[in-house]
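Residues per chain are reported as follows:
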Amino acid sequence: MILVTGASGRFSSALLAELRTRGVPAMGGSRTPSEGQRHVDFSVPDSLDFSGVDTLLLVPAGAQEDDRQIAFNRAAVEVAERDGVSHLVYTSLTGAGDHLSMALPHRVTEGIIMASGMTWTILRNGVYAEILGAPLSWEKHGEALRIVSPLGDGAVAAVARHDLAGAAASVLSDPGGHERKVYELVGSRAVSAADVAGCLGCEVRDISLGEYRQLLAEVGMPAFRQSLMLSIASVIRHGFLARTGDDLPYLLGRELTDPLVVAAKALAARRAVVP
């Protein structure tokens, strides 16, 4: 049996839908499972049970402090090995993101998985095109609206979420063909804030990281999230996420969805709610 954790999230939901389309039976696991899903709550390690699972796709719990994230992931790996899981697939972070504040738990978890007795595949996912616009905001400029960006001239090899789900589905459909593989699942083109602005036909105003920090504080974002968002903006601004790759189209067997179209659509939806 294939078990996909994080089933209530957008990535895992898309993955499960892709597996159904391919006729590959799989079950979702979630802290709040719907009918036909298994209860999986990483925050209660003693409750974890992967019995009957042959292939496990481990999607880590939402962003939190490193020690807590690593403890959850370690428990999940140990229980998977205890319960006889033969192949573990882990959704990690692209190697180009090692400067991000969220990178360390992923690298530690990769090491834990590789040291286990299970076979494994590591999917180092790139930045979702859907959330590329997260550091961007809208402001009124005369009678029009323009983008406010802390990203400078930086670009990111973003990827559409459903492309990453398709790649994961390819691995889960034939885990034996991907044993002990680490895939860098980044886009085939790099997209900048200026590209998004051009697609939407608007101007973009660049701000410093200090100004961006102030904006995050003004909207009441918790300090932990502020640090995470500043890390993302700084790494993109200084060019560390622009590296492209070929692993994703290889796993998909097709060209990638245009990340610019996806990013622009997501940001345009937020424009409609500007007061």
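Residues numbered from 1 in each chain as written. Predicted model: local features only at pLDDT ≥ 70, side-chain atom pairs only at ≥ 80, totals over all residues. Heavy atoms only, no water.

**Concerning the pattern of salt bridges**
- One pass over the full model with this rule turns up 12 salt bridges.
- Its salt-bridge partner being arginine 205, residue glutamate 139 comes within 2.8 Å of it at the nearest N-O pair. Of this pair, glutamate 139 sits in strand E7 (residues 137-141) while arginine 205 sits in strand E12 (residues 204-206); the two residues are 66 residues apart in sequence, bridging distant segments of the chain.
- One network of salt bridges, with partners in common, ties together Asp98, Arg107, Glu110, Arg124 and Glu184. (Salt bridge = Lys/Arg side-chain N within 4 Å of Asp/Glu carboxyl O. Helix = DSSP H or I, 4+ residues; strand = E, 2+ residues; numbered from the N terminus.)

**Here we look at helix H9 (residues 259-271)**
- Its 13 residues give H9 an end-to-end C-alpha distance of 19 Å, which sits within 8% of 18 Å, the value for a rise of 1.5 Å per residue.
- Against E7, strand E8 (144-149), strand E11 (191-192) and helix H5 (193-200) lie the buried residues of H9.
- The distance from a side-chain oxygen at the start of H9 to the backbone nitrogen of leucine 260 is 3.0 Å, and the residue carrying that oxygen is aspartate 258. (Expected span 1.5 Å × (residues − 1). Contact = heavy atoms within 4.5 Å. Polar contact = N/O pair within 3.5 Å; in protein donor to acceptor, adjacent residues only side chain to side chain.)

**Focus: the UniProt feature "domain: NAD(P)-binding" (unreviewed entry) in the chain**
- Mapped onto the present numbering, the UniProt feature "domain: NAD(P)-binding" (unreviewed entry) falls at residues 6-175.
- Secondary structure content for residues 6-175 is 32% helix and 22% strand, and the end C-alpha separation is 19 Å. (UniProt positions renumbered as here; feature names shortened; annotations may be inferred.)

**Observations concerning the sheet that holds strand E2 (residues 27-30)**
- If you walk across this open sheet you meet the 7 strands as E3-E2-E1-E4-E5-E6-E10, and the pairing is parallel. Sheet topology places strand E3 (38-39) and strand E10 (181-185) at the edges, where each strand pairs with a single neighbour.
- One ladder, built from 5 bridges, connects strand E6 (residues 119-125) with E10; its direction is parallel. Within E10, the position partnered with threonine 121 by the bridge is lysine 181.
- Helix H1 (residues 10-21) contacts strand E1 (2-5), E2, strand E4 (55-58), strand E5 (87-93) and E6 of the sheet and is inclined by roughly 155° relative to E1.
- Along the sheet, helix H4 (residues 161-173) makes contact with E1, E4, E5, E6 and E10, crossing E6 at roughly 170°. (Pairing = 2+ DSSP bridges. Axes fitted to C-alpha atoms, helices over the stretch in contact; angles between N-to-C directions.)

**Description of the pairing of E5**
- In terms of burial, E5 is largely enclosed, as 7 of its 7 residues are buried.
- Side-chain alternation along E5 places His87, Val89, Thr91 and Leu93 on one buried face and Leu88, Tyr90 and Ser92 on a second face that is also buried.
- Summarising the sheet, E4 and E5 pair through 4 bridges and their orientation is parallel. Bridging across to E5, leucine 57 finds its partner in valine 89. (Buried < 20%, exposed > 50% of the residue type's maximum accessible area, 1.4 Å probe, protein only.)

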